[in-house]
Amino acid sequence: MADYTTSEMMTVAAARMLGNGTVCFVGIGLPSTAANLARLTHAPEAVLIYESGPIGAKPEVLPLSIGDGDLAVNADTVVSTPEIFRYWLQGGRIDVGFLGGAQIDRFANLNTTVIGPYDAPKVRLPGAGGAPEIAAMAGEILIIMSQDKRAFVDKLDFITTAGHLTGGGSRQAAGLTGKGPTAVITDLCIMRPDPETRELVVTDLHPGVTADQVREKTGWDVRFANDLRETGSPSETELMVLRDLLKRTAEAHGTGK
Amino acid sequence: MAKICSLAEAIGEFLRDGDTVAMEGFTHLIPHAAAHEVIRQKRKDLTLVRMTPDLIYDQLIGMGCARRLVFSWGGNPGVGSLHRFRDAVEKGWPHKLEIEEHSHAALANAYVAGASGLPFAVLRGYTGSDLPKHNPRIKFINCPFTGEQLAAVPSVRPDVTVIHAQKADRKGNVLIWGIVGVQKEAVMAAKRAIVTVEEIVDDLEADANACVLPYWVVSAVAEVPMGAHPSYAHGYYERDNRFYTAWDDISRDRDSFTKWMERHVLATRDWAEYRDVLAKTGGKV
């Protein structure tokens, strides 16, 4: 098996979660990389929707911004931004929302707003974008994030986007319709919500990763599933397609080394 | 009626101190040239509305033109932070900036409500988010028919909306295509609208369902080639990703930002001269 990086493992593991034919609302960055890898490997019929308006986007290279022209060129259609949020998302047409975030807690709530108090923030983050409504109304949510103690925190300073709120039945009680986050894919492992408590539990460790490494990079006392599995390492094809995609992207954006 | 004029005249006549201004364009067709002209003419106390503040509002905020910002995602797309926006919110430089923060869905709906002549927008949104705790302009109402709880936000009704488009004809009818974002809604919601275009042509050659803004909903049209740079204009030029990356360094520091703006914007007569200076400096301070 070829060598691969932890970041490649994360992207491949996330891509595998996206079924063929799935209608997916894609966030920019890591989610977009994973969703396009899925489309270029096992899920050629996945329908990718970006909040800027493209539906059925098939970009040649990864977009650097959510509204890159390449997203529009090969899309099935391009609609206005209000239409995306009103007819397609709120209208209930999205199977999977694919998101990233700056911070996450044990119930997969996300913070992309502030570190510190809202009115006197230590760090002002970009804000909500489309995430609160995507996470509320897509059939389910996949979250992809590099694992770090500053990102996987015990308590969020701000809940931008509701995951499973305070756990148990709190998400449903709040009136949120979709299933919410069903998996969090990191560079070390895959976490899934416990069926009862909805707390994130490590269900899969990536090859070579130990439970202690995951503990060290998680800000809460993280739990592990009894039947803890090992993620399958990336195949030659997955790695080749991913590397080609990233290379094309760097060349196209002039951001290559 | 659309007045065909220079950008300086359009801003001079239709965009005033204290106005609520929406400059829209979702990554695509961001009206950068128009924002530079607002900075040159030293407009102040503006309420700036925009889903993604981007570099365009980073510049206006850093130059002290804005009193208040209404937004839903404030980053440098694909790069990281907007440093001038952050400095204003975190440290109050060059002065304190009031913010009204939303989600994209809410702000997109608020433009639709504004264009529809309604006082507020209603959506299924914000549930479980902390945003309503900090933004008093997000409220919840019950559906009069089913009782379902829904979010309500005030409509966006700008004094003036500014957009960039690909083409206008000589009467001032405007054609826009590709990722059209919320531009049509933003224009229809506003009292006045200023449009910069890549070119003015004899015939728009627009299909029946094309996104055309008729001349009589537009106040002024100015021909400004490359007027969206470093954003892009579909069919004309691509996004200048290098500039977005370079902006991270230029804007990180107050002094380097100020020097850059003085050299490239305040010391230039117009967008054409700015483009010349930019070519010479290579974007460096």
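Description of the structure in this document. (Residues numbered from 1 in each chain as written. Chains lettered and ligands numbered in written order. Predicted model: local features only at pLDDT ≥ 70, side-chain atom pairs only at ≥ 80, totals over all residues. Heavy atoms only, no water.)

### Observations concerning helix H1 (residues 6–16) of chain A
Residue and element names in this part refer to chain A. Threshold: Throughout, exposure labels follow a simple rule: accessible area from a 1.4 Å probe, protein chains only, divided by the maximum for the residue type, with under 20% read as buried, over 50% as exposed, and the rest as partly exposed. Numbering of helices and strands runs from the N terminus; a helix is a DSSP stretch of H or I covering at least four residues, while a strand is a stretch of E covering at least two. What makes two residues a contact is simply this: any of their non-hydrogen atoms within 4.5 Å.
Counting buried residues along H1, 8 of its 11 residues qualify, which places the element largely inside the surrounding structure. Those residues of H1 that sit buried are Glu8, Met9, Met10, Thr11, Val12, Ala13, Ala14 and Ala15. Taken together, the buried residues of H1 touch helix H2 (30–40), strand E5 (96–99), strand E10 (140–144), strand E11 (181–185), strand E12 (189–193) and helix H8 (236–253).

### Regarding the sheet that holds strand E8 (residues 120–123) of chain B
Residues and elements named next belong to chain B. To be explicit about the condition: In short, DSSP must find at least two bridges between two strands for them to pair. For every element, the axis is a line fit to its C-alpha atoms; helices are fit only across the contacting stretch, and the angle between N-to-C directions ranges from 0 to 180 degrees.
With antiparallel pairing, the 3 strands of this open sheet are ordered in space as E8-E10-E9. With one partner strand each, in any of the chains shown, E8 and strand E9 (139–142) form the two edges of the open sheet. On average, each strand axis in the sheet is inclined to that of its neighbour by 40°, with strand direction left out of account. Across 4 bridges, E8 lies against strand E10 (residues 149–154) in antiparallel orientation. Within E10, the position partnered with Leu123 by the bridge is Ala151.

### Remarks on the pairing of E10 of chain B
Residues and elements named next belong to chain B. Pairing geometry for E9 and E10, over 4 bridges, is antiparallel. Across the sheet, the residue bridging to Ile141 is Leu150, located in E10. Counting the residues between successive antiparallel strands, the hairpin from E9 to E10 contains 6 residues, one of them, Gly147, with a positive phi of roughly 85°.

### A look at the packing of aromatic side chains
All names here are of chain B. The condition is simple: Here the aromatic set is Phe, Tyr and Trp, taking the six-membered ring for Trp, and pairing holds for ring centres within 6.5 Å; pairs whose planes are under 30 degrees apart are stacked, those over 60 apart are edge-to-face, and all others are tilted.
Across all of its chains, the model carries 11 aromatic pairs over all chains by this definition. Summarising the aromatic geometry, the rings of Trp247 and Phe257 are spaced 6.0 Å apart at their centres and angled 85° between planes, so their arrangement reads as edge-to-face. In this pair, Trp247 sits in helix H8 (residues 241–252) while Phe257 sits in helix H9 (residues 254–266), placing the two residues 10 residues apart along the sequence. Taking the relative accessible area as the measure of exposure, Trp247 reaches 0% and is therefore buried. Note on Trp260 and Tyr274: the rings are 6.3 Å apart at their centroids and 70° apart in plane angle, and the pair reads as edge-to-face. Here Trp260 is found in helix H9, whereas its partner Tyr274 is found in helix H10 (residues 271–281), with 14 residues between them in sequence.

### Some words on the environment of Ala34 of chain B
Residue and element names in this part refer to chain B. Here Ala34 is to be found in helix H2 (residues 32–40). Spatially, the C-alpha atoms of Ala34 and Arg170 are 20 Å apart, while their sequence positions differ by 136 residues. With near-sequence residues (within four places) excluded, Ala34 lies in contact with Leu7, Ile11, Val162 and Thr196.

### Considerations on the side chain of Arg171 of chain A
Tracing the backbone shows Arg171 of chain A in helix H6 (residues 170–173). Once residues lying within four places of it in the same chain are set aside, the contact partners of Arg171 of chain A are Ala135, Ala136, Ala162, Gly163, His164, Leu165, Leu176, Gly178, Lys179, Gly180 and Pro181 of chain A.

### Things to note about the interface of chain B and chain A
Definition in use: Two parts placed together each lose some accessible area under a 1.4 Å probe, and the buried area is that loss summed for both. By definition, a salt bridge exists where a carboxyl oxygen of Asp or Glu is found within 4 Å of a side-chain nitrogen of Lys or Arg.
With 45 residues of chain B at the contact, the number on the chain A side is 42 residues. Approximately 3,600 Å² of surface area, both sides summed, lies buried where chain B meets chain A, with 60% of it carried by carbon and sulfur atoms. The three residues of chain B that bury the most area against chain A are Arg124, Thr127 and Ile179 of chain B, which together make up 15% of that side's buried surface. Where chain B meets chain A, there are 1 salt bridge.

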